[in-house]
There are 2 protein chains.
Amino acid sequence: MTQHQPKAPAKHQKWWGWGPEDGIRYAIEDKPKFPAFAKQVMDLDLSQAQVIPDPSFDDLDVPSSQASDEVLTELRTIVGQGNVITDDELRVVHAFGKGVRDLVRVRRGQLGRVPDVVVYPGSEDEVMAVMAAALRLDAVLIPYGGGSNIVAALEAEPGEQRLVISCDMGRMNKVLEIDEQAQVALIQAGALGPDMEEQLNAKGWTLGHFPDSFVWSTVGGWIATRSSGSQSDKYGDISEVTRGLNMAMPAPEGSDELVQLLQLRPLPSYSSGPNVREMVLGSEGRLGIITQAWMQVHRLAECREIQAYFYPTYDAGLKAAEQIAHADVHPMMLRVSDANETKFSMANGKSTSSKKSHYSNLAVKKLMEAKGWDLDEVCLSFVGFEGTNTHVRYAKSVVNKIVRAHGGLGVGKGPGTLFDQKKYDIPFIRDFLLNIGIPADVSETSTPWSRAKEIHDETVKAAHKAFEETGHKGFIMCHISHSYHSGACQYFTFAIDDASENNMQTYDHVKRAVQQSFMDHGGTVSHHHGVGEEHSPWMEQDISPAGVHIQRKLFAGVDPGKNLNPGKIVHDGKPGVSSNSEDA
Amino acid sequence: MTQHQPKAPAKHQKWWGWGPEDGIRYAIEDKPKFPAFAKQVMDLDLSQAQVIPDPSFDDLDVPSSQASDEVLTELRTIVGQGNVITDDELRVVHAFGKGVRDLVRVRRGQLGRVPDVVVYPGSEDEVMAVMAAALRLDAVLIPYGGGSNIVAALEAEPGEQRLVISCDMGRMNKVLEIDEQAQVALIQAGALGPDMEEQLNAKGWTLGHFPDSFVWSTVGGWIATRSSGSQSDKYGDISEVTRGLNMAMPAPEGSDELVQLLQLRPLPSYSSGPNVREMVLGSEGRLGIITQAWMQVHRLAECREIQAYFYPTYDAGLKAAEQIAHADVHPMMLRVSDANETKFSMANGKSTSSKKSHYSNLAVKKLMEAKGWDLDEVCLSFVGFEGTNTHVRYAKSVVNKIVRAHGGLGVGKGPGTLFDQKKYDIPFIRDFLLNIGIPADVSETSTPWSRAKEIHDETVKAAHKAFEETGHKGFIMCHISHSYHSGACQYFTFAIDDASENNMQTYDHVKRAVQQSFMDHGGTVSHHHGVGEEHSPWMEQDISPAGVHIQRKLFAGVDPGKNLNPGKIVHDGKPGVSSNSEDA
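Residues numbered from 1 in each chain as written. Chains lettered and ligands numbered in written order. Predicted model: local features only at pLDDT ≥ 70, side-chain atom pairs only at ≥ 80, totals over all residues. Heavy atoms only, no water.

**Description of the overall build of chain A**
Under the convention used in this document: Numbering of helices and strands runs from the N terminus, with a helix taken as a DSSP run of H or I at least four residues long and a strand as a DSSP run of E at least two residues long. Taken over C-alpha atoms, the radius of gyration is set against a globule rule of 2.2 Å times the number of residues to the power 0.38. Whether a residue is buried, partly exposed or exposed follows from its accessible area with a 1.4 Å probe, protein chains only, as a fraction of its type maximum: under 20%, in between, or over 50%, in that order. Contacts are assigned to residue pairs that have any heavy atoms within 4.5 Å of one another. Areas reported here follow the Shrake-Rupley algorithm with a probe of radius 1.4 Å; residue values treat only the protein chains shown as occluding. Note that His is not counted, nor are the chain ends; the positive residues are Lys and Arg, and the negative ones are Asp and Glu. For this purpose, a charge sits on NZ of Lys, CZ of Arg, CG of Asp or CD of Glu.
When helices and strands are tallied, chain A shows 19 helices and 18 strands. Relative to the 2.2 N^0.38 estimate, which gives 25 Å for 584 residues, the radius of gyration of chain A is 24 Å and therefore close to what a compact globule would have. Each principal axis of the C-alpha atoms in chain A carries an extent, and together these give about 75 × 55 × 45 Å. The buried share among the 584 residues of chain A stands at 66%. Taking the contacts inside chain A whose residues are at least 6 apart along the sequence as the reference set, 77% of them involve residues at least 24 apart. Here chain A has roughly 20,400 Å² of accessible surface; of this, 50% comes from carbon and sulfur atoms. Side-chain charges in chain A split into 57 positive and 76 negative, and the spacing between the mean points of these groups amounts to 6 Å.

Here it is, written out as C-alpha cells:
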C-alpha cells in the first residue's frame, strides 16, 4: 500500500483520508464494546463487515496540469524552484478537503477540477506576488491551510476553464512575535495547530484554540472559516481571538499595482465603521489570502481540569448548561452529550475492566439505578476549568452547585482526562467507518437556549425520517459543544449504513434533512465549519436574501474578476453549482 | 428665552445644546472648588467670565424646506399627517448632532444643509415605505435616533442638491418581546436608553449598556455607531450585545421592489461567511435603517457596588487595570482617571465638608502623604462589581489583592455611589463651558496594553504642543474607560480657552493633533463614538487604504445611488468634504 511520495515543501495529509499516510488508525480491536454498540444502534455486524482496502493512487486518472511552462517559470521566480509543484498526488491532495463527500469522491477517482499547480509561498511578499500573477493570468486562486475543510471550500468549480492555483500556506508557520503585555502574538497564517502551540508553549503561552481539526488546521484557515475551538467558552471563538491581521487582496481598479495589503493592527475594540476584520473572518478565500494575524494569547494556566458529570436526561443537562453559561464563571469547556453520544463514548472505552473508565463502572451504574434513572437516557457531560487555582476552585464550586440542582452526578476527573487525550481522534473513526462502507459526517448549529431542546429533538427526528426514506439504517448523536450567554452550539454526528455506489445520494438526503431542520428550528447553517459549496444552498434561509445580497456585493466589489476562490459561500453566476443543491 | 415649541411626535433635545429646553444645567454655584481648579489648570478666572446668553431661535436664518407638496403628501400617506414635519426648529434640531462643532455652528446660525423634512415612522413597514419613497425620489435619507452623535454623522453634505429627509426613529421605542430563556429582548431601534431600561427593568431585566450619552441615545444609534457603555467590561460592547437585527435597505438592482428587509435572527455565534451583523454594526446609516434588534439582556443583579481606589501614579493604575483585565473576574466597570481628571473630579465635589466626599477628606490625604505620594500625581479609580453576592465577593477579593500589589488604596463605596448618580451630567459641563466661550470635546481611542501608557503621555504632550501653537490655554485629561484582554480604551477630554469667532480653527488644530497622536501610537481613530465626517480623514491610517477600499465597495454595492447618509465614514466622490480635513 505504499504510494509514490512526492517531496512536499510542507506537511500534508494523505490524499484519501485523515492524517498522514503512515499515521494512526482507529483500532477496532482495542474497543471490545464497540461491536455490540454497532449491532444495537444500527443492526451492524462488524464481524461480517467487508473492509474496503486502502485505495491505490495508481488507479486514479488524474487530469494533467494546464499550467504552461511560462506560468510555472513565473511562479518559480516568485516562490523558488522547489515550491511550485505539479506532481499529480500533491495536486490531488489539494483538490479537496476532508469531508465525507470529499473522501468518497477521491477514493472513487471522481476528481473534478484538480488544481493545475500548487505553490508554497514563504513570505507575505511572495503571497502578494503569487496573487498578482494569478490576477494577471486571470487564474483562480484557492488558499490552502491544513486541508481539513469539510464544506467543499477548497475545490475549484467543476466547469472552471481558467488556470487553477492552490496556494498552500504551509511554509509560513512561525510565531513571529509575542507582545507579552498585551497578550497578543503575531502568527503566520500557515501555522498548523500543534506547530503553533509548540512555539507558544515554549515561551509559556497558549492560544487556547483547540478545534477538533487542530492537528490539521491552521491559523489562517481558522480565521477564514470563523472557527471555534473546544475551549471557546473561556478563550472565545476565533473571531474574538483574532485582534488584527494582514491579507493580500486585489488593488482597486485603475491602480498601478494589481494587489494591495490589508493591514489591521492589533486592537481590542474599535468603532471604525463596518468591521473589516469581521468581513475577513469567514471569507473563505473570497476576499484575499490572510498572511499573518495578531491573536490573543494567554499564560499557560496554573490549573487545568476536566470534571465529568452524568445527568438523568439530555434535558437536565441542557438546563444545567444554560445556567452555567449565565453564572459568571466561564468554564473553558461545557460539553453535554445526548444519550446516544453517551453510549457511543462508552462503547469506545478500551476495556470494561479499565480503572480509568470510571463512568462506566459498576458503582456509578448502581448509583444511577438507585436514583431511578433510565440508563437508556443517561447523558455524559464534561466541564473544563482553567486558570489560577483560586479561580478553578471558585468556578468548580459554582458549577457543582448548578449540576446538583439539576440532578447531576459528579464522577471526577478520570473520564475527562481520557477525553482530553483522545479528542483529536474522531476523524479516524470516520475513516474506519468509511472503510467498511458507512459514510459518517458532522453538522453543527447554534440556537438561542430557548430552542436548543427543540432543535435537538427535531433534528434527530428529521434524520431518522430521512434514514427511513432512503431505506438504510442510520445513527445520529449530538453534544453541546460551545455555550454563550444567549445560546449554544449543538454538534451532530450521523452515519448511514450504505456502501453502495449511490451512497452519496443517500448521504445527501440525510444531510439535507439535518440542515433543513436547523433552518426550520431557529438554527444557523453552521456554527464553526463554514459555508463553502456545501452549505451555500441554505444561506438565504440563514441570513435572509438581503444578507446574501450584502455578501455578494462585498465579494463582487473586492474581487470583480472572480479570481479568488469563486463560488464559495454564495453562488455568483459562475459555472459550478453546489453539488448538493436541489434547486441548482 | 422661550422659543416657539413645535409639537414633535417624539422626544427631542433643544436645538442649541444637550438635553431638553427646560432641562438641568451645570450649577457652578454648587461647586465651591471648581473656580480654583479652573484658575490653576487654565489660568481661567471664572468670576470674570463673560456668559454668553442662550441663543434665540428667531436670530437664525433657516433655509426653507425644498420638499414639494407632492413629496409631503406622499410621506404623509406613509407615516400619517402629524408625523411629517417641516417646522424650522425641528428641522434645525435634526440638522446636527451634539458635538462641540455642531453646537458652535448652530448657535452662530451656520446651519449648512438643513434637512427638508423630518419623518417619524411608527413601524418597520413605514420605515421600508419611507426608504422606498426616498429611493424613488433620489433623495438623501439620514436616520436619526437621540441626536447625541458627536462625529457629524447626522448632517447632510454641504453641497447636497437632492431632497434631504431626516428619519427620526423616536416613535419606535418599545421593547417588543423578551425571550427569558435565551436572555435576549427584541427592541425597536428608536428606544432611548431610559425608556428602554424602564421597560426592561419592569420585568426584572437590564441591557447593561450605559454609554455617557445614555439619556439621549437609542438602540439603533448604538448599533449604527458600534457604541460601548460604561459597563461593557462585563456586559460587552454593543457589537457583542446585539445578537440579531432587522434593517431596511435597498433591493438589488432589477428587483420589482425598491427596498428589502435584512433579517438576522438572534443567534449566539455562527460561521455563515463574512459576518453581516458586523457590517451593519458601525454602518452609520450607509447601508440602511435598523428597525429593531435582538439584544442580550441580563437579570437585574442581586448585588451592585462601585469601589473607589487611589493610586500613587497613573502608571500604577494602568498596570493594575491590565492585571485585573487578565484575572478572570470581569468587573462591570474598570475606570482609572489620570492625575488631571482626578483633580477635575475632586473640583466637581459639591462641598469640601460633605461626608460623601471620602476621597478628598483629610484622613485619606494624610494617609497618602504618609505613604510618600506626590499628591499632584494621585489617580482615582472606580471598579464596579455586579452579579450574585457570591460573585461580587469573589471578584472583589481578587481585585483588592491586585490593587494592593500596585500600591493602591481602597476608599470604599461612597465616591462610586456619587459617580453613579452623576455619570450622565458631563455634557452639561461642556455646555456650561461653551457658554463662557470655552470649547471642550472628547476623543477616545483603544490600544494594546503595551501602548496604553505611551499613547496617553504622547497624546497629552501633542495636545499641549497644539495649545501652545494656537496661543490659547488648554487643558486635557483622560481615563481608562473600557478594558479587554488585549488592551483598553482611553477617553480624553480637552478644553481650549478661545471664545473668538475663529475658535473652531483653534479647536480643529487641537483635535487633529489628538487624533494624529492616536494614529502615531498604535491607537484607533475611535473606540465607540464612530467615524461620521469628523474622523473619516484618518480612516486610511486606521484600517489601511485596503480596509477603506473594502468599506467603500460595500457601501457602493449596497447603495449604488448614494442615497443613504452619503459621505459618512469614507468619502466617495460626493460634493461634501469633511469640514476638518486638511487634505480635502
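Moving on from the model shown.
**Considerations on the pattern of salt bridges**
We apply this condition: One speaks of a salt bridge when a side-chain nitrogen belonging to Lys or Arg is within 4 Å of a carboxyl oxygen belonging to Asp or Glu.
Applying the stated rule across the entire model yields 66 salt bridges over all chains. Where D195 of chain A meets K11 of chain A, a salt bridge forms, and the shortest distance between an N and an O atom there is 2.9 Å. Taken as a pair, D195 of chain A in helix α6 (residues 193-202) and K11 of chain A in the segment before α1 (34-42) lie far apart in primary sequence, 184 residues in all. Residue classification places D195 of chain A among the buried positions, given a relative accessible area of 16%. Among the salt bridges present, the one from E305 of chain B reaches K396 of chain B, with a minimum N-O distance of 2.6 Å. In this pair, E305 of chain B sits in strand β12 (residues 303-311) while K396 of chain B sits in helix α14 (residues 389-405), placing the two residues 91 residues apart along the sequence. One salt-bridge network, held together by shared partners, links R101, D508, R512 and E534 of chain A.

**Some points on the relation of the copies chain A and chain B**
Just so we agree on the cut-off: Here the copies were fitted onto each other by least squares, based on C-alpha atoms from residues at pLDDT of at least 70 in both.
After a rotation of 180° and a shift along the axis of 0.0 Å, chain A superposes on chain B with an RMSD of 0.0 Å. What the rotation and shift describe, once combined, is the action of a two-fold rotation axis. Distance from the rotation axis, computed per C-alpha, reaches its smallest value in chain A at L554 of chain A: 2.6 Å. Looking at the interface residues of chain A, 100% of them are also at the interface in chain B, so both copies use one shared face.

**Some thoughts on the pairing of strand β17 (residues 474-483) of chain A**
Residues and elements named next belong to chain A. Basically, it comes down to this: Strands are treated as partners if at least two bridges between them are detected by DSSP.
The element β17 is extensively covered by neighbouring structure, given that ten of its ten residues are classed as buried. In this sheet, β17 lies alongside strand β13 (residues 333-337) in antiparallel orientation, the contact comprising two bridges. Bridge assignment links V336 to a residue of β17, and that residue is I480. As judged from the nine bridges shared by β17 and strand β18 (residues 487-496), these two strands associate in the antiparallel manner. Bridging from a neighbouring strand, I476 pairs with F494 of β18. The antiparallel pairing of β17 with β18 creates a hairpin that spans three residues between the two strands.

**Some thoughts on the sheet that holds strand β13 (residues 333-337) of chain B**
Residue and element names in this part refer to chain B. For clarity, the cut-off: Angles shown run from 0 to 180 degrees and are taken between the N-to-C directions of axes, each axis being a line fitted to C-alpha atoms and, for helices, limited to the stretch in contact.
The strand order across the open sheet built from seven strands is β15-β12-β14-β13-β17-β18-β16, with neighbouring strands paired in antiparallel fashion. The open sheet has two edge strands, β15 (409-412) and β16 (440-448), and neither has a second partner. Between one strand axis and the next, the sheet turns through 20° on average, direction left out of account. On top of the sheet, helix α11 (residues 314-325) reaches β12, β13, β14 (379-387), β17 (474-483) and β18 (487-496); it is set at about 165° to β13, its chief contact.

**Description of the sheet that holds strand β10 (residues 289-296) of chain A**
Picture the strands of a sheet paired through backbone hydrogen bonds; they go either parallel or antiparallel. Residues and elements named next belong to chain A. Reading across the sheet, the five strands line up as β5-β6-β10-β8-β9 and stay open at both edges, with antiparallel pairing between neighbours. Each edge of the open sheet is held by one strand with a lone partner, namely β5 (175-179) and β9 (259-264). Averaged over neighbouring strand pairs, the angle between their axes works out to 10° when direction is ignored. Sheet topology places β5 next to strand β6 (residues 184-188); four bridges connect them, and they run antiparallel. Counterpart to D179 in the pairing with β6 is V184.

**Details of the packing of helix α2 (residues 69-79) of chain A against helix α5 (residues 124-136) of chain A**
Each packed pair of helices is defined by two parameters, the angle between the axes and the distance between the axes. Residues and elements named next belong to chain A. Using the following cut-off: The scheme is simple: roughly parallel for angles under 35 degrees, roughly antiparallel for over 145, roughly perpendicular for 65 to 115, oblique for anything else. The sense of a crossing depends on the near helix, which, turned anticlockwise from the far helix by less than a right angle, makes the crossing left-handed and, turned clockwise, makes it right-handed.
At a minimum axis separation of 9 Å, α2 and α5 run at an interaxial angle of 165°. By the angle between their directions, the pair α2 and α5 is classed as roughly antiparallel. Remark: the crossing between α2 and α5 carries right-handed chirality. From α2, E74, L75, I78 and V79 reach across to α5, where they touch E126, A129, V130, A133 and R136.

**Things to note about the packing of aromatic side chains**
The cut-off we apply is this: In this analysis, rings of Phe, Tyr and Trp, with Trp reduced to its six-membered ring, are considered paired at centre separations within 6.5 Å, and the interplanar angle assigns stacked below 30 degrees, edge-to-face beyond 60, and tilted for intermediate values.
Under the defined criterion, the tally for this structure stands at 27 aromatic pairs over all chains. Ring geometry for Y26 of chain A and F432 of chain A: centres 5.0 Å apart, planes at 50°, overall tilted. Of this pair, Y26 of chain A sits in the segment before α1 while F432 of chain A sits in helix α16 (residues 426-435), placing them 406 residues apart in sequence. Accessibility classification places Y26 of chain A together with F432 of chain A in one group, the buried group. An angle of 20° between the planes, with centres 5.2 Å apart, marks the rings of F214 of chain B and Y424 of chain B as stacked. Here F214 of chain B, found in the loop between β7 (205-206) and α7 (219-225), pairs with Y424 of chain B, found in the loop between α15 (414-422) and α16 (426-435); they are 210 residues apart in sequence, far enough to count as distant. Judged by its relative accessible area of 16%, Y424 of chain B is buried. Clustering of aromatic rings is evident, with ring pairs tying together Y26, F34, F37, F344, F432 and F475 of chain A.

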